[in-house]
Amino acid sequence: MTSHQLRALPLGDTAITISFGGEKSPELLHRIQAIARSLSEKRITHVDDIVPAYLTLTVFYDALHASYQEMSAQLLDACESANQLQSTRTPSRKHVIPVRYDGIDLESIATATRLPADEVIARHIARTYTVDLLGFVPGFAYLSEIDAALQVPRRPQPRPRVAAGSVAIAGAQTAVYPLDTPGGWHIIGTTSMVMFDPGRDPPALLAPGDAVRFENVG
Amino acid sequence: MITVTKAPPYLTVQDVGRKYSRASGVPKGGAMDSFALGAANALVGNSGDAAGLEWALGGGSIRFDRDTAFAISGATVNATISGRDVAPCTTIYARAGDALSVETILNGRFLYLACSGGIEVPVLLRSRSTYLPGRFGGYGGKTLKTGDSIALGAEQGQRPTEGSHCAADLMPRYDGGIVHVTRGTHEDLFDETAWSTFTESVYRISTASDRTGYKLEGPPIRNAMGTLPSEAGCPGTIQVPADGLPIAVMADAPTIGGYAKIAVVSEADLPILAQRRPGDEVRFELVTIEQSQRMLKRRAADLHTIGQLATRTVRR
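Described below are features of the structure shown in this document. Just so it is clear, the structure is predicted and the values come from calculations on it, not from any experiment.

Brief notes about the overall build of chain B
Assigned secondary structure in chain B consists of four helices and 19 strands. For chain B, whose C-alpha radius of gyration is 20 Å, the value lies close to the compact-globule estimate of 20 Å for 316 residues. Each principal axis of the C-alpha distribution contributes one length, and for chain B these read about 60 × 40 × 35 Å. Within chain B, contacts between residues separated by at least 24 positions form 78% of all contacts whose residues are at least 6 apart in sequence. Total accessible area on chain B is roughly 12,500 Å²; 51% of this is exposed by carbon and sulfur atoms.

This is the structure:
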């Protein structure tokens, strides 16, 4: 990627979004995640938070002590140098999440995909997923990409409450609900793994770029 | 300690919110009107990161179980302390046993109460603020109910002077309904017509508005984007979904979103938007990022001035 594609845009007066241009792709996502990790290791003064996404990364900063002009110039520089280094970066963390495939939507997914329930489970555990990004609620990690045969649009009506630990799929992605929240994904199982604990540092089990496998524990 | 003797419909512990955990999907949270909380804190001699109570949707009462300085700020209310009227934005000393009653919220949306020493609850993710959707922070992640008691921290620093008052010119212009914004990260996705609709129309706060976001009613903003690949937003981001009716995301909004961001409310004016009720009008005025950051510095300086007013030595 050449440097002229990087653009800094103000997201209000306390954040800057660095746009990398281009189309959504796993390669671009992973590059942005690597740059975000590298920026965060640099511990740039007055930077509070770094949030990588599909085409951008966003840096939150203390606008009382750093102007937009100063901070955006500094970030563009840092992103460019990180962009050159990132090919040597070590791979991310790996997680195995134990799942009881007892979800209330397992049968309806089997029907919709015309696969036996056992085959739905087998295909869900067969892949290693990567964390695209976190959002929706604290600790909610969007994992890509599930087997094409399992891809079903989200439920037309979200449920008012999905229990924490629910393992779910929707579209090309899978996720674990970290908290009891409303939710429109199809629930295929349950894990006892604590995905988010505000008393832990970091509070979320998963981080962007992490590799995740699910294990069937009955 | 303070005890809730008659809980309002909504009462939570809030401070300036959370930094450093957005990458884990944790919203900033904190006070919807952080300036009003900051002013109340400054008037009782607290530091800017002290927690106070955020109060909304109706009246109620609390009892102070120890002597303390307190101040209220934000929404306009009629309030009394053991029968005497309570002036807003004023340092008042309460005695143990005194009852603070708020009869009604007359104008604005969120009332803040600060007590010297601040509200003492465990710090989670470097903040005492309540995040209701996640049921953590503040008072066990919950709203305070009648009968709940909550600790006050040890008083710090200088004792504030009774009767210190923060003049209106140090506060945001809550009544004007003018909210300054900077251009959003997707400004290029909106054509001239869309921009003139946005900046020349009057929008009304919808009933669909809460700590997560305020939906705005008014002329739809033409757009053809649908959803975009998700990316980070922040409180004050004004996003435009397919129906063209803008949504201003607020303190508890998810950290990322997929709608086009036309503008972002200046941090200095976020309190003005936050205090608008359903049915109230707002107009958006564009400023540059430099102007917006100057306004923010001005607010910080004003808070500092209020703190100095309250803790200066009284001359006789």
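Things to note about the packing of aromatic side chains
In this structure the tally under the stated criterion is 14 aromatic pairs over all chains. Between Phe 140 of chain A and Tyr 142 of chain A, the aromatic rings sit 5.0 Å apart at their centres with planes inclined by 65 degrees, giving edge-to-face as the arrangement. Across this residue pair, the class does not change: Phe 140 of chain A and Tyr 142 of chain A are buried. Between Tyr 142 of chain A and Trp 185 of chain A, the aromatic rings sit 5.9 Å apart at their centres with planes inclined by 65 degrees, giving edge-to-face as the arrangement. Residue Tyr 142 of chain A is located in strand S7 (residues 141–144), and its partner Trp 185 of chain A is located in the loop between strand S11 (181–183) and strand S12 (186–190); the two are separated by 43 residues in the primary sequence. Residue Tyr 142 of chain A is classed as buried on the basis of its relative accessible area, which comes to 16%. Its guanidinium or amino end placed over the ring of Phe 60 of chain A, Arg 22 of chain B lies 3.7 Å from that ring's centre, counting from NZ or CZ.

Remarks on the pattern of salt bridges
Enumeration according to the criterion identifies 27 salt bridges over all chains in this entry. Among the ionic pairs, Asp 102 of chain A bridges to Arg 100 of chain A, the shortest N-O distance being 3.9 Å. Residue classification places Asp 102 of chain A among the partly exposed positions, given a relative accessible area of 43%. Asp 67 of chain B is the salt-bridge partner of Arg 95 of chain B, the closest N and O atoms lying 3.5 Å from each other. Of this pair, Arg 95 of chain B sits in the loop between strand S7 (92–94) and strand S8 (99–115) while Asp 67 of chain B sits in the loop between strand S4 (60–64) and strand S5 (68–81), and the two are 28 residues apart along the sequence. Overall, Arg 95 of chain B belongs to the exposed group, its relative accessible area being 57%. One network of salt bridges, in which partners are shared, links Asp 105, Arg 155 and Arg 159 of chain A.

Considerations on the interface of chain A and chain B
Taken together, the contacts link 44 residues of chain A with 41 residues of chain B. When the two sides are added together, the surface that chain A and chain B hide from each other amounts to roughly 3,300 Å², 64% of it contributed by carbon and sulfur. Considering only the surface of chain A that becomes buried against chain B, Leu 11, Asp 13 and Leu 64 of chain A emerge as the three largest contributors, covering 18% of it. Between Lys 19 of chain B and Asp 48 of chain A there is a salt bridge, with its nearest N and O atoms 3.9 Å apart. In terms of residue class, the side of chain A that touches chain B is made up of 27 nonpolar, 10 polar and seven charged.

Re helix H4 (residues 117–126) of chain A
Along an α-helix, residues three or four apart share an orientation, since each turn contains 3.6 residues. Residue and element names in this part refer to chain A. Restricting attention to buried positions, one finds in H4 the residues Ala 117, Val 120, Ile 121 and His 124. When H4 is viewed along its axis, its buried side chains cluster within an angular range of 95 degrees and face the same direction. Opposite its buried face, H4 presents the exposed residues Asp 118 and Ala 126, each directed more than 90 degrees away. Those residues of H4 hidden inside the fold are in contact with helix H3 (106–113), strand S6 (129–134), strand S9 (166–170), strand S10 (173–176), S12 and strand S13 (211–216).

The rules behind these values
Each chain carries its own residue numbering, running from 1 in the direction its sequence is written. Labels follow written order: the first chain is A, the first ligand is 1, and so on. Whole-chain, interface and lining totals are the exception, using all residues; otherwise, since this is a predicted model, local features are given only for residues with pLDDT of at least 70 and side-chain atom pairs are given and counted only at 80 or more. The side-chain numbers reported here are obtained from all heavy atoms of the structure, hydrogens and water having been left aside. Helix and strand definitions follow DSSP, with helices as H or I runs of at least four residues and strands as E runs of at least two, each counted in order from the N terminus. Just to be clear, the radius of gyration here is over C-alpha atoms, and the globule rule we use is 2.2 Å times residues to the power 0.38. Contacts were defined at the residue level, with two residues in contact if any of their heavy atoms lie within 4.5 Å. Values of accessible area rely on a 1.4 Å probe in the Shrake-Rupley scheme; residue burial ignores everything except the protein chains shown. Ring pairs are drawn from Phe, Tyr and Trp, using the six-membered ring of Trp, whenever the two centres fall within 6.5 Å, and their geometry is named by plane angle: stacked under 30 degrees, edge-to-face over 60, tilted for the rest. The buried label applies to any residue whose accessible area, calculated with a 1.4 Å probe on protein chains only, is under 20% of its type's maximum; exposed applies above 50%, and partly exposed to all values in between. As a reminder, the over-ring test applies to NZ of lysine and CZ of arginine, requiring each to be within 6 Å of the ring centre and within 35 degrees of the ring normal. Here, a salt bridge means any Lys or Arg side-chain nitrogen found within 4 Å of an Asp or Glu carboxyl oxygen. Put simply, buried area is the surface a 1.4 Å probe can reach on two separate parts but cannot reach once they are joined, added for both. The nonpolar class holds Ala, Val, Leu, Ile, Met, Phe, Trp, Tyr, Cys and Pro. Asp, Glu, Lys and Arg form the charged class, and all remaining residues, Gly among them, are polar. The arc in question is the one traced by the directions running from the helix axis out to the C-beta atoms.

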